[in-house]
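Close look at the chain arrangement
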Amino acid sequence: MSFSHDYRSPATPADWNAQAANLDAGLRAYMLRVYNWMASGLLLTGIVAYVIANTSLSHLFFQVIQVPGGLVPRPTLLGDVAMLSPLAFVLVMSFGLNRLSLQGAQALFWAFCATMGASMANIFVIYTDTSIVRVFLVTACMFAATSLWGYVTKANLLRFSSFLMMGLFGLLIAGLVNLFLKSPALYYVYSIVGVFIFTAFSAFDAQRIRVTYPQLAAYEGPEMTVKRSVYDALSLYLNFINLFQFLLQFMGARNSND
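As a starting point, this report considers the structure included with it. (Residues numbered from 1 in each chain as written. Predicted model: local features only at pLDDT ≥ 70, side-chain atom pairs only at ≥ 80, totals over all residues. Heavy atoms only, no water.)

1. A short note on the pattern of salt bridges
Selection rule: Each salt bridge in this description consists of a side-chain nitrogen of Lys or Arg and a carboxyl oxygen of Asp or Glu lying within 4 Å of one another. Segments assigned H or I by DSSP are reported as helices when at least four residues long, segments assigned E as strands when at least two residues long, and all are numbered from the N terminus. Here the term buried applies to any residue with accessible area under 20% of the maximum for its type, exposed to any over 50%, and partly exposed to those in between, with areas from a 1.4 Å probe on protein chains only.
Enumeration according to the criterion identifies three salt bridges in this entry. A salt bridge links arginine 208 to aspartate 205, with the shortest nitrogen-to-oxygen separation between them at 3.1 Å. With arginine 208 and aspartate 205 both in helix 8 (residues 184-219), this residue pair falls three residues apart, about one helical turn. Across the pair, aspartate 205 and arginine 208 agree in class, each one buried. Aspartate 232 serves as the salt-bridge partner of arginine 208, at 3.1 Å between the closest nitrogen and oxygen. A residue pair is termed long-range when its members are at least 10 positions apart, and arginine 208 in helix 8 and aspartate 232 in helix 9 (residues 222-251) qualify at 24 residues. For the pair arginine 208 and aspartate 232, one class covers both residues: buried.

Put into structure tokens, the structure is as follows:
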């Protein structure tokens with residue numbers, strides 16, 4: 001489907017209405033494409049994580065060891081690679097979007113989602129399956145509500161871009177600091193702040209996609225528009241995954257042997 005539109009000045013009110021209807025239909029189709037990509041990526045991530053955690057593949061990515069508090073998973077060398085590689089995928093897709101072909105961008109997206117699944121497989125060791133499903137449903141409801149609000153609200157959320165980025169960098173620094181301090185109180189606050197930031201990003205990115213679509217449709221060709229939908233899906237996917245992980249940290253029920 002082509003998202004190209006004729007943006008010459010309409011001659012009559014009827015032309016204005018037709019152009020607005022055309023743009024609205026294109027936006028709805030684009031948003032549907034973005035959310036389909038995101039949902040498909042989440043499905044692939046979940047399948048990969050579950051399969052690795054429940055088969056002999058788990059030994060390639062982590063080892064379960066005994067510590068004073070119980071049994072915990074420790075990543076192998078391959079597990080460390082799996083946890084770090086999503087960052088490389090994000091950087092390539094973010095900075096190399098114009099250089100990638102459509103097929104290349106799509107392949108990288110699927111590879112990223114599969115790798116993310118491998119890096120998250122250990123949650124099935126730490127938390128009960130029931131609590132994982134429960135937290136996933138809570139995350140889905142929160143994400144759907146906030147992204148819908150961000151899409152329809154008239155408030156200008158884009159003006160908070162710098163504050164959200166500052167919050168994200170602060171969150172990363174706090175996480176690194178607590179790797180050494182291992183403070184339960186700081187960990188709890190870190191999780192709550194993480195939930196707040198990625199909930200805000202869910203609304204922010206939904207509005208960003210809606211606001212930037214007219215310019216995208218007017219000045220980019222169909223292939224670049226489809227590639228951009230993959231990138232936008234990646235942004236929403238990351239919001240969902242991070243929100244899920246932060247909620248799991250203080251809502252998830254740990255396995256009894258942990």
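2. Let's talk about the environment of alanine 218
Looking at the secondary structure, you find alanine 218 in helix 8. Under the relative-accessibility criterion, alanine 218 is labelled partly exposed at 28%. Sequence separation of alanine 218 and leucine 23 is 195 residues, and the distance between their C-alpha atoms is 9.6 Å.

3. Observations regarding the packing of aromatic side chains
Short version of the rule: Only the six-membered ring of Trp is used, alongside the rings of Phe and Tyr, when aromatic pairs are assigned; centres must lie within 6.5 Å, and planes under 30 degrees apart are stacked while those over 60 apart are edge-to-face, with the rest tilted.
Scanning the model with the defined rule gives 15 aromatic pairs in all. The interplanar angle of 70° and the centroid separation of 6.3 Å between the aromatic rings of phenylalanine 109 and tyrosine 237 together place this pair among those described as edge-to-face. Taken as a pair, phenylalanine 109 in helix 4 (residues 102-119) and tyrosine 237 in helix 9 lie far apart in primary sequence, 128 residues in all. By relative accessible area, phenylalanine 109 is classed as buried at 0%. For tyrosine 237, a relative accessible area of 0% gives the class buried. Between the aromatic rings of tyrosine 188 and phenylalanine 250, the centroid separation amounts to 6.0 Å while the plane-to-plane angle is 65°, which identifies the pairing as edge-to-face.

4. What to know about the nonpolar core
Most often, soluble globular proteins have nonpolar side chains that are buried together. Formally: Throughout, nonpolar core names a set of buried Ala, Val, Leu, Ile, Met, Phe, Trp, Tyr and Cys residues whose side chains join them through atoms within 4.5 Å. By the convention used here, residues are in contact when the closest approach between their heavy atoms is within 4.5 Å.
Counting residues in each nonpolar core, the largest one holds 60 residues, and the members touching the most others are Phe109, Phe112, Ile123 and Tyr237. Elements with a minimum of two residues in this core: helix 1 (13-53), helix 3 (77-95), helix 4, helix 5 (123-126), helix 6 (129-152), helix 7 (161-181), helix 8 and helix 9. Each residue touching tyrosine 237, except ones within four places of it in the same chain, is listed here: Met38, Gly41, Leu42, Thr45, Phe112, Cys113 and Met116.

5. Structural notes on a nonpolar patch on the surface
Inclusion rule: Each patch is built from residues lacking any salt bridge and having more than 30% relative accessible area; the joining distance is 9 Å for like charges and 5 Å for nonpolar side chains (Val, Leu, Ile, Met, Phe, Trp, Tyr). To measure how exposed things are, a 1.4 Å probe is used in the Shrake-Rupley method; for residues, cover is taken only from the protein chains shown.
Side chains of Leu43, Ile47, Tyr50, Val51, Leu57, Leu60, Leu77, Leu78 and Val81 sit close together on the surface and give an oily, nonpolar patch of about 830 Å² of accessible area. Contributions of two or more residues to the nonpolar patch are made by helix 1 and helix 3. Broken down by element, the residue count for the nonpolar patch peaks at four residues, all from helix 1. On the basis of relative accessible area, leucine 78 is assigned to the partly exposed category, the value being 38%.

Remember, this is a structural readout, not a statement about activity or role.
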